[in-house]
Amino acid sequence: MIAGSPVATAVPRRAALCRPRQALTSLPPAWNNPVSLFDTAPLEAYIQATIGDKTFDELPRRFATVACDILIGERVELQSGPLARGVRASVAMPGLFPPVEIDGRLLADGGVVDNVPVDVARELGADYVIAIDLWPRPGAGRRPENLFDVLITAADLWSHANHPDPATVDCSIVPEIGKYRTWDFDAVPELEAHGRAAAERVIVRLKEDLGLSPRETVRA
């Protein structure tokens, strides 16, 4: 099972392999929307075109994503309904992307209230939780150079303020990506290498915790 707030944990593997850079960099300005800079309707359409009109219940593994009801500041767990719309809501970073209305609730990025929803993973049935932290540590990135950098830096700060108690996580994977910006799509190969290196650093402990031999493969 998978639980998460950011889009990296939300989109199934097939979608992740189908040019997400093109989908994100082609988002048009939200000229007619006073509450955001970009329109994310094309992102929802991209996910639908990639995996079809799937619902959460149709995924091969149990999956939940977290959003925030910005009208009352409440965490909302999305585990049913159209997958593409749920993902769009869970990554609706305030200021950059518009909130998404689902079942009468106005939803924004779940990282506002819970960046690493460990308890949701437990509720889905996870006995062992592996948390992957893709947000750079505050102060570890570059100096903001424009409006987008300022908004992303603010998101970094609120996301880290909403991190869970480390004791609730069985294994943490933290790639060293502080020097990269959220929009550094040209650095994808480097980011993948950092992610692989971070996973390799914990693989021995992970196998020990799961009672696997050094030669066995860890499977989700």
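I will try to describe carefully the structure that is included in this document. In this text the structure is predicted, and so the values were computed from the model without any measurement.

1. Overview of the overall build of the protein
Okay, step 1: Secondary structure summary: the protein contains eight helices and seven strands in total.
Okay, step 2: Per-residue burial over the protein gives 37% buried out of 220 residues.
Okay, step 3: At a minimum sequence separation of 6, the contacts of the protein that also span at least 24 residues come to 67%.

2. Things to note about the pairing of strand E2 (residues 63-69)
Okay, step 1: Burial analysis of E2 places seven of its seven residues in the buried class, which makes it a mostly covered element.
Okay, step 2: Here E2 shows a buried face lined by Phe-63, Thr-65, Ala-67 and Asp-69 and a second buried face lined by Ala-64, Val-66 and Cys-68.
Okay, step 3: Looking at chain direction, E2 and strand E3 (residues 74-78) are connected through five bridges and run antiparallel. When the bridges of E3 are listed, Ala-67 appears paired with Val-76.
Okay, step 4: The turn joining E2 and E3, which pair antiparallel and follow one another in sequence, is formed by four residues; a positive phi near 70 degrees is taken by Gly-73.
Okay, step 5: Where E2 and strand E5 (residues 105-109) come together, three bridges link them in antiparallel fashion. Within the sheet, the bridge partner assigned to Ala-67 lies in E5 and is Asp-109.

3. So, the nonpolar core
Okay, step 1: One finds Ile-47, Leu-78, Leu-83, Met-93, Phe-97 and Leu-107 to be the most contacted residues of the largest nonpolar core, which totals 27 residues.
Okay, step 2: Residues Val-116, Ala-121, Ala-126 and Val-169 belong to the second largest nonpolar core, which totals seven residues.

4. Overview of unusual backbone geometry
Okay, step 1: Positioned with a positive phi, Asp-103 is a non-glycine residue whose angle comes to about 50 degrees.
Okay, step 2: Relative to the helices and strands, Asp-103 is located in the loop between strand E4 (100-102) and E5.
Okay, step 3: Residue Asp-103 is classed as exposed on the basis of its relative accessible area of 77%.

5. Section: a nonpolar patch on the surface
Okay, step 1: Together, Leu-37, Leu-147 and Phe-148 give the surface a local cluster of nonpolar side chains, amounting to about 240 Å² of exposed area.
Okay, step 2: Along the chain, Leu-147 falls in helix H7 (residues 147-161).

6. Some details on the pattern of salt bridges
Okay, step 1: Evaluation of the coordinates by the stated rule reveals 10 salt bridges.
Okay, step 2: For Glu-44, the salt bridge identified is with Arg-88, shortest N-O distance 2.8 Å. Residue Glu-44 is located in helix H4 (residues 41-51), and its partner Arg-88 is located in helix H5 (residues 83-90); the two are separated by 44 residues in the primary sequence. Assigned by exposure class, Glu-44 and Arg-88 land together as buried.
Okay, step 3: The salt bridge involving Arg-105 is made with Glu-74; its shortest N-O contact spans 2.5 Å. Of this pair, Arg-105 sits in strand E5 while Glu-74 sits in strand E3; the two residues are 31 residues apart in sequence, bridging distant segments of the chain.
Okay, step 4: The class for Arg-105 is partly exposed, based on a relative accessible area of 25%.
Okay, step 5: Owing to a relative accessible area of 37%, Glu-74 belongs among the partly exposed residues under this scheme.
Okay, step 6: When salt bridges that share partners are traced, they join Asp-39, Glu-44, Arg-85 and Arg-88 into one network.

What counts, and where the lines are drawn
Residues numbered from 1 in each chain as written. Predicted model: local features only at pLDDT ≥ 70, side-chain atom pairs only at ≥ 80, totals over all residues. Heavy atoms only, no water. Helix = DSSP H or I, 4+ residues; strand = E, 2+ residues; numbered from the N terminus. Buried < 20%, exposed > 50% of the residue type's maximum accessible area, 1.4 Å probe, protein only. Contact = heavy atoms within 4.5 Å. Pairing = 2+ DSSP bridges. Core = buried A, V, L, I, M, F, W, Y, C linked by side-chain atoms within 4.5 Å. Patch = residues over 30% accessible without salt bridge, like charges linked within 9 Å, V, L, I, M, F, W, Y side chains within 5 Å. Areas by Shrake-Rupley, 256 points an atom, 1.4 Å probe, with all protein chains shown as cover. Salt bridge = Lys/Arg side-chain N within 4 Å of Asp/Glu carboxyl O.

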